[in-house]
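Survey of secondary and tertiary structure
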Amino acid sequence: MSLGKDTLLRIDLGKANEPNHVELGRKDDAKVHKMFLDHTGSHLLIALSSTEVLYVNRNGQKVRPLARWKGQLVESVGWNKALGTESGTGPILVGTAQGQIFEAELSASEGGLFGPAPDLYFRPLYVLNEEGGPAPVCSLEAERGPDGRGFVIATTRQRLFQFIGRAAEGAEAQGFAGLFAAYADHPPPFREFPSSLGYSELAFYTPKLRSAPRAFAWMMGDGVLYGALDCGRPDSLLSEERVWEYPEGVGPGASPPLAIVLTQFHFLLLLADRVEAVCTLTGQVVLRDHFLEKFGPLKHMVKDSSTGHLWAYTERAVFRYHVQREARDVWRTYLDMNRFDLAKEYCRERPDCLDTVLAREADFCFRQRRYLESARCYALTQSYFEEIALKFLEARQEEALAEFLQRKLAGLKPAERTQATLLTTWLTELYLSRLGALQGDPEALNLYRETRERFRSFLSSPRHKEWLFASRASIHELLASHGDTEHMVYFAVIMQDYERVVAYHCQHEAYEEALAVLARHRDPQLFYKFSPILIRHIPRQLVDAWIELGSRLDARQLIPALVNYSQGGETQQVSQAIRYMEFCVNVLGETEQAIHNYLLSLYARGQPASLLAYLEQAGASPHRVHYDLKYALRLCAEHGHHRACVHVYKVLELYEEAVDLALQVDVDLAKQCADLPEDDEELRKKLWLKIARHVVQEEEDVQTAMACLASCPLLKIEDVLPFFPDFVTIDHFKEAICSSLKAYNHHIQELQREMEEATASAQRIRRDLQELRGRYGTVEPQDKCATCDFPLLNRPFYLFLCGHMFHADCLLQAVRPGLPAYKQARLEELQRKLGAAPAPTKGSARTKEAEGGAAMAGPSREQLKADLDELVAAECVYCGELMIRSIDRPFIDPQRYEEEHLSWL
């Protein structure tokens, strides 16, 4: 602020209590004409009425005159927002009262007496003229577009000039000379108005500090020229221009405006006694702020580009305006102008206002017969549903009604199931009615196809899937009532109601399409349900589908379908059933008895050759076969498959029955059966006798009988002879009888050798016993117990032949854990009886009565000790089997492991 001709007051708003006074140092009568502060707040130019210009830097106290500027009365300055910094302004523009535009550059560096001046250069660029000649340059603004082009707007009292051009690459240091040089031969484009205030002022609206301006307002004699700034236009920077006339009582003849400031939606006019705010959208005055006379007349008003605050001042006071929520009621203005998109943008966070805008827009579109747009807007409002629906019905706009219903359906909440059911049903009815009306009209084929696509999009929409699924029963009823089978199938597929789809194909005998649906969706339950129908018509394809699904199907569930199908007994029918059952058994490894039993029945009826192979592959162990043996036996017997019956008898270990049945088929098969009971020689002999009797009595073949005798070592000639008739000569048995006699002789010799060996072994045993009676051991006084490591002779002890010595109680404690439970119980019983038995009395003789009483009481003390020694001292606890049996026992008792573990920590 300039406080008179010689004082400058600087206030940092961050430190408002610390104002700074700067003396201009002027002794003449020159007054401050105007002051210009750049956008960074670093560079201040003070134009004096004496055509001198002073420069003050933010970081300095010194006021420096600009010698090159002398002689020019500065009216305006266009700061360089792109290149200006705190240390320098970059190239700037200066407008004078003589209509000249100069280019200059200032530097904040302060030199000494002979240092560089702050004004680096000051050169003329252009002269602005009006009809009468050069005119004062009232305002200057310089901007740079996003594409690198430069823009300069300069105003005089009645004209607004535009300079547009592109600087050469890397020529930023050249400033604005190239831009103005393009207009050396022809004048720049300008706007001119007839009236004049004697001055004019240009204001820009910039959302952010270093962003491009969006709008402008030029205060001149005929009013305020307002418009948008579009840097992308090639010929003119100004667009959407309009002239707002001054309010009543304001103008050149009445109360002229002194200054103008532009905000986002208003421009403020400064008058001598008041400030009037005019809306840029409507031109209406929305604020009149009158000032008291005691402050004096208003002088000027400016806007802080960094904070957005407005400053107005008189000769006695300074006022600050703080703009808050300027756009809060703009939506109403846009709404009155029918600019609904902008109205919605400025009330997006106010649901009540947004609903008002949407309702007004919907009504407007309805009146304009733009029914689809109206339906979209109505769907977003809180208007009564019934009222809107009736409105479209009365106008017979079913398409718009469907759009409205569809939008409403998309906005429902999960809990609103009733409304969803109503809307989905109504929409389906509308689409079906529309399709029915268009279907028979050849001229409306394209419209029919379009409507059908929209209907299918509605049915398949993921947003509506939940509601359609909940209403699927009523929708199917509607589709059926309209006879629309095509969309019935389409909807069933979308809802994954494949049962309905498959049933539809089966009803229309489209069995392959039905199987394709089943194979595509692979639902086992559907296979179980429809297989009985499909197998009658496409058995091979159905079995292929079963095999492809593999283990996902339960073969037991498919057996009823196979049974019904194979009852005809035809080869093809049985072969398809066998093919699937073989796949289950051989590939899937099924072990269910029902599956194996059914495969057996199929083999028995249709492929007898495979029956025996299957039985042999299943094995001969009754615990490992997966079919019912009794059922298999009965089945093979009913169909006369004797070899298979023989195999089942063998698995059942009914060898006699197997041999009896095998003799009816093949003697060699009977021989194989007779060798099976390897552990029962008596049974084997019996079975071979059956074979021999059959060969002799039934076939009367002596050679074969002799071969049987040679095949089984258990049979002797004397066992077979009774089966031969009396007329058979001995010549046939000569070799067999001789072999039998030799075998008996060899057996007798073996028995004699064994007797001799037994006699020698008995003699050796008697000799060892004699030697054992003389064995003894020596115990030294220093010997210790092998368990407790205490002297051995302190307590009763045991001495073993291996050399280990134990105290009696230590040995008992070591042996007890390794004894079986019953021996531990016996040990406790012996200890209890030994403790209860009377101690032996001193003396060598007893009376007969005492001996008789002891005998009646039970075993003697010596007998109890002998039994105890037999349990405890039968073998050394370290060298005997007890130690071997305890090899798997841990060294530390598991119950005491934690205690032992902690003791080592």
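Preceding this paragraph is the structure being described.
Treat the numbers as computed from the prediction; the structure is a model and nothing was measured.

1. Observations concerning helix α14 (residues 511–521)
When we look at burial in α14, the residues that qualify are Tyr511, Ala514, Leu515, Val517 and Leu518. The arc that holds every buried residue of α14, seen down its axis, measures 155 degrees, which confines them to one face. The outward face of α14, more than 90 degrees from its buried face, is lined by the exposed residues Glu512 and Arg520. On its buried face, α14 sits against α13 (498–507), α15 (524–537) and α16 (539–549).

2. Details of the packing of aromatic side chains
Applying the stated criterion across every chain yields a total of 23 aromatic pairs. Judged by centre distance (5.1 Å) and plane angle (85 degrees), the rings of Phe295 and Phe319 are edge-to-face. Here Phe295 is found in the loop between β24 (285–290) and β25 (298–303), whereas its partner Phe319 is found in strand β27 (residues 318–321), with 24 residues between them in sequence. Overall, Phe295 belongs to the partly exposed group, its relative accessible area being 23%. Seen from their ring centres, Tyr378 and Phe392 are 6.1 Å apart, and the 85 degrees between their planes marks the pair as edge-to-face. Linking Tyr378 in helix α5 (residues 371–379) with Phe392 in helix α6 (residues 385–394), this pair joins segments that are 14 residues apart in sequence. The structure contains a cluster of three or more aromatic residues connected by ring pairs, namely Phe366, Tyr371, Tyr378, Phe385, Phe392, Phe404 and Trp426. Seen from the ring of Tyr121, Arg123 lies directly overhead, with NZ or CZ sitting 4.0 Å from the centre.

3. What about helix α29 (residues 808–815)?
Considered for burial, the residues of α29 that qualify are Cys810, Leu811, Leu812 and Val815. Turning to α29, the residues buried within the fold contact β28 (797–799), β29 (805–807), α30 (821–836), α32 (861–872) and α33 (881–885).

4. Remarks on the nonpolar core
By size, the foremost hydrophobic cluster in this structure holds 72 residues, and its most contacted members are Phe527, Leu534, Trp546, Tyr580, Met581 and Tyr627. The element that contributes the greatest number of residues to this core is helix α18 (residues 571–587), accounting for 8 residues. Residues in contact with Phe527, not counting those within four places in the same chain, are Leu515, Leu518, Ala519, Arg522, Leu542, Ala545, Trp546, Leu549, Leu553 and Leu558.

5. A short note on the pattern of salt bridges
All told, the structure shown has 27 salt bridges when counted by the stated rule. Here Lys81 ties to Glu141 by a salt bridge, and the two come within 3.5 Å at their closest N and O atoms. With Lys81 in the loop between β7 (74–78) and β8 (92–96) and Glu141 in strand β13 (residues 139–144), the pair connects residues that are 60 residues apart, well separated along the chain. Relative accessible area serves as the criterion here: at 22%, Glu141 is assigned to the partly exposed category. Its salt-bridge partner being Glu103, residue Arg123 comes within 3.4 Å of it at the nearest N-O pair. With Arg123 in strand β10 (residues 119–127) and Glu103 in strand β9 (residues 100–106), the pair connects residues that are 20 residues apart, well separated along the chain. By relative accessible area, which is 33% here, Arg123 ends up partly exposed.

6. Digging into the sheet that holds β25
Read across the sheet, 3 strands follow the order β25-β26-β27 without closing on themselves; strand pairing throughout is antiparallel. The open sheet has two edge strands, β25 and β27, and neither has a second partner. Averaged over all neighbouring strand pairs, the angle between strand axes comes to 20 degrees, with direction disregarded.

7. Comments concerning the layout of surface pockets
Its volume calculated, the second largest pocket comes out at about 600 Å³. Lining the second largest pocket we find 18 residues, and of these Ala814, Pro817, Met883, Ser886 and Arg889 sit closest to its centre. Contributions of two or more residues to the lining of the second largest pocket are made by α29 and α33. A total of 3 residues in the lining of the second largest pocket trace back to one element, the largest contributor, which is α29. Considering only residue class, the lining of the second largest pocket consists of 12 nonpolar, 4 polar and 2 charged.

Parameters at a glance
Residues numbered from 1 in each chain as written. Predicted model: local features only at pLDDT ≥ 70, side-chain atom pairs only at ≥ 80, totals over all residues. Heavy atoms only, no water. Buried < 20%, exposed > 50% of the residue type's maximum accessible area, 1.4 Å probe, protein only. Helix = DSSP H or I, 4+ residues; strand = E, 2+ residues; numbered from the N terminus. Arc of directions from axis to C-beta. Contact = heavy atoms within 4.5 Å. Phe/Tyr/Trp six-rings, centres within 6.5 Å; stacked < 30°, edge-to-face > 60°. Lys NZ or Arg CZ within 6 Å of the ring centre and 35° of its normal. Core = buried A, V, L, I, M, F, W, Y, C linked by side-chain atoms within 4.5 Å. Salt bridge = Lys/Arg side-chain N within 4 Å of Asp/Glu carboxyl O. Pairing = 2+ DSSP bridges. Axes fitted to C-alpha atoms, helices over the stretch in contact; angles between N-to-C directions. 1 Å grid on protein atoms, 1.4 Å probe; cavity = no way out; pocket = protein on both sides within 12 Å on 5 of 7 lines; lining within 4 Å. Points joined across faces, edges and corners; volume = space filled by probe spheres on them. Nonpolar A, V, L, I, M, F, W, Y, C, P; charged D, E, K, R; others polar.

Keep in mind that these numbers describe shape and distance, not what the molecule does.
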